[in-house]
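# Coordinate inspection notes
What follows is each chain in one-letter form.
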Amino acid sequence: MRLTRYFLPVLKENPAEAQIVSHRYMLRAGMIKQQAAGIYSWLPMGYKVLRRIEQIVHEEQARAGHISLLMPTLQPADLWRESGRYEDYGQEMLRITDRQKREMLYGPTNEEMITDIFRAHVNSYKDLPLTLYHIQWKFRDEMRPRFGVMRGREFLMKDGYNFDLTKEDALHAYNRHLVSYLRTYERMGLQAIPMRADSGPIGGDDTHEFLVLAETGESEVFYDSAVTDIRLGEREIDYDNKAQCQSVMEEFTSLYARTDETHDAALFDAIPEERRKSARGIEVGQIFYFGTKYSDPMGATVVGPDGTRTPVHMGSHGIGVSRLLGAIIEASHDDKGIIWPEGVTPFHCGIVNLKQGDEATDAACEHIYKALKLLGLDPLYDDRDERAGAKFATMDLIGLPWRITVGPRGLKNGVVELTSRRTGVSEEISAEDAVARIAAIYADI
Ligand code: ATP
Ligand code: MG
């Protein structure tokens with residue numbers, strides 16, 4: 001993309017309404033525009049990152065054997081009366097009446113609807129296990145929408161639902177989700193720690209929240225600092241292997257890590273003092289096992305191997321897709337702007353032309369731009385007629401992980417500059433080598 005043809009409405013001033021750095025940078029980098037409290041338009045660059053995050057979520061769900069579908073944002077109130085949640089959900093639910101006076105709602109989550117789909121089409125235990133998920137907009141009329149996309153009213157969520165014959169199978173689905181979420185967050189350059197949590201209006205006994213440690217997080221968390229040393233990394237996971245999924249789950253959840261809702265001072269005090277940490281965290285996901293809480297009242301049953309009908313064991317599993325943009329920025333930025341991890345960056349690299357209009361410099365930039373495109377990469381070429389300082393400031397703000405800087409002086413010596421946004425380290429190398437380096441960096445991302 002050439003910047004002169006792109007839509008990147010960068011703000012020079014710090015927006016007064018933004019209290020935390022991710023909100024400030026998302027507004028300044030022209031990623032989002034607020035349309036009403038907690039409701040945003042996603043401008044092109046913000047939308048690009050959002051889709052990148054969605055894609056990683058889809059890829060990791062597919063790897064775990066989960067199947068994607070799409071349910072609507074609007075739901076009939078009657079479905080929620082079956083589970084008893086229509087009255088319970090309270091003011092966070094946006095209730096709507098259509099012209100036929102039918103009561104509807106904008107879905108805050110989809111347990112009822114997915115259970116309705118299941119009971120309409122699945123009859124036998126032979127069709128299990130089954131996990132269905134979607135990535136869809138939700139609406140919760142939050143009391144205090146704030147911090148930009150972190151606590152919106154309309155927000156994008158991945159929510160998945162498992163259906164299993166037995167509790168044991170459903171707990172395997174729980175572990176499978178836990179492992180697939182760890183991989184999902186790691187691919188986004190994030191460390192999200194599973195912590196024991198409270199089940200809230202979803203209900204159920206087993207639940208973990210995934211928290212990204214950050215000063216601006218809304219949750220208070222308590223943990224053994226040894227949990228921050230564990231990574232999933234590149235290890236091979238067989239998602240059908242119950243023992244393996246369980247052992248990864250145990251590895252990540254045995255050490256003390258809890259949100260304030262389930263915090264237990266006595267257990268916490270048993271941790272060696274130097275490892276006892278309390279901090280703030282951003283909740284980027286949550287998994288639940290809730291047994292037959294919905295299948296029972298809603299009649300989602302299957303015929304089991306013995307010929308009798310039993311309600312299925314279920315769980316639900318959510319990732320805050322739009323909140324993740326904020327969480328990633330909170331975890332990865334400096335005083336000049338965002339620093340995107342390679343896994344989610346909106347463009348693979350920036351190209352800065354230091355002397356727009358200079359024939360040799362323009363030609364070298366064009367050459368690099370086209371070479372990167374030919375390799376299937378997506379560079380952002382700053383071809384504006386602007387001062388070098390302004391171009392660098394824009395690149396630093398929007399946070400592309402790599403920058404190739406091209407100017408007449410370097411070209412005389414046959415070199416361009418390749419700079420890492422994270423370390424600030426620059427190298428002078430040939431244009432060909434710069435292109436090859438960028439290609440190599442993204443080859444296995
Ligand atoms: P919270 O405690 O932050 O209100 P929740 O526990 O009610 O969240 P879940 O029902 O677990 O939310 O939803 C799954 C994920 O969706 C959460 O882990 C979070 O990342 C995201 N999410 C929830 N509410 C919002 C919101 N208002 N804005 C943006 N993302 C949200
Ligand atoms: Mg939650």
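Below is a short write-up of the structure. Source: prediction; values computed, not measured. Throughout this description, residue numbers start from 1 for each chain and increase along the sequence as written. Think of it this way: whatever chain is written first is A, whatever ligand is written first is 1, and the rest follow in order. Side-chain atom pairs in this predicted model are given and counted only at pLDDT of 80 or more, local residue features only at pLDDT of at least 70, and totals for whole chains, interfaces and linings cover all residues. Side-chain figures throughout are based on the complete set of non-hydrogen atoms in the structure, without hydrogens or water.

### Points about the sheet that holds strand 19 (residues 349–353)
A pair of strands is considered paired only if DSSP assigns at least 2 bridges between the two. Comment: elements are numbered from the N terminus, with helices defined as DSSP H or I runs of at least four residues and strands as E runs of at least two. Spatially, the five strands line up as an open sheet ordered 20-19-21-22-23, and their pairing is mixed. Where the open sheet ends on each side, the last strands, each with one partner, are strand 20 (379–382) and strand 23 (426–429). Each strand axis lies, on average, 20° off the axis of its neighbour in the sheet, ignoring direction. Where strand 19 and strand 21 (residues 402–406) come together, four bridges link them in parallel fashion. Of the residues in strand 21, the one forming a bridge with Gly 350 is Arg 403. Across the face of the sheet, helix 12 (residues 388–398) comes into contact with strand 19, strand 20 and strand 21 while running at roughly 175° to strand 19. Note on geometry: axes are C-alpha line fits, over the in-contact stretch for helices, and angles between N-to-C directions span 0 to 180 degrees. Whether two residues are in contact is decided by their heavy atoms: any pair within 4.5 Å suffices.

### Describing the pattern of salt bridges
A pair is scored as a salt bridge if a Lys or Arg side-chain nitrogen falls within 4 Å of a carboxyl oxygen belonging to Asp or Glu. All chains considered together, the criterion is met by 27 salt bridges. In this structure, the salt-bridge partner of Lys 370 is Glu 366, at a minimum N-O distance of 3.6 Å. In this pair, Lys 370 and Glu 366 both sit in helix 11 (residues 359–374), four residues apart, roughly one turn of the helix. Accessibility here uses a 1.4 Å probe with only protein chains present; expressed as a share of the type maximum, an area under 20% marks a residue as buried, one over 50% as exposed, and anything in between as partly exposed. A relative accessible area of 49% places Lys 370 in the partly exposed class. Owing to a relative accessible area of 23%, Glu 366 belongs among the partly exposed residues under this scheme. One network of salt bridges, in which partners are shared, links Glu 59, Glu 60, Arg 63 and Arg 187.

### A look at the coordination of the magnesium ion (ligand 2)
On the protein side, the magnesium ion (ligand 2) has Glu 283 (OE) and Gln 286 (OE1) as donor atoms, found 1.9 to 2.1 Å from it. According to the relative accessible area criterion, Gln 286 is buried, its value standing at 11%. Any nitrogen, oxygen or sulfur atom within 2.8 Å of a metal ion counts as a donor, with the limit raised to 3.2 Å for Na, K and Ca, and since water is left out, coordination shells can look unfinished.

### Comments concerning the site of ligand 1
Lining the immediate environment of ligand 1, one finds 14 residues, of which Arg 140, Glu 142, Arg 151, Gly 152 and Glu 283 sit closest. For the purposes of these results, a polar contact is taken to be a pair of N or O atoms within 3.5 Å, where, inside protein, one atom must be able to donate a hydrogen and its partner to accept one; residues adjacent in sequence count only when each atom of the pair is a side-chain atom. Gly 285 is positioned such that a nitrogen or oxygen atom in its backbone is 3.2 Å from an oxygen atom of ligand 1. Accessibility throughout is a Shrake-Rupley quantity obtained with a 1.4 Å probe, and a residue counts as covered only by protein chains that appear here. Contact with the protein chains hides 84% of the accessible area of ligand 1, taken as 580 Å² for the molecule alone. Residues are said to line a cavity or pocket when one of their atoms sits within 4 Å of a point; the points come from a 1 Å grid over protein atoms alone, cavities being sets where a 1.4 Å probe fits but cannot get out and pockets being open sets with protein on both sides within 12 Å along at least five of seven lines. Should more than half of a molecule's atoms lie within 2 Å of a pocket's or cavity's grid points, that molecule is taken to sit in it. With respect to the pocket detection grid, ligand 1 is positioned in the largest pocket. Of all the secondary-structure elements, those providing two or more residues to the shell around ligand 1 are strand 8 (154–164) and strand 13 (276–291). Proximity is defined per residue: if any heavy atom of the residue lies within 4 Å of a molecule or strand, that residue is considered near it.

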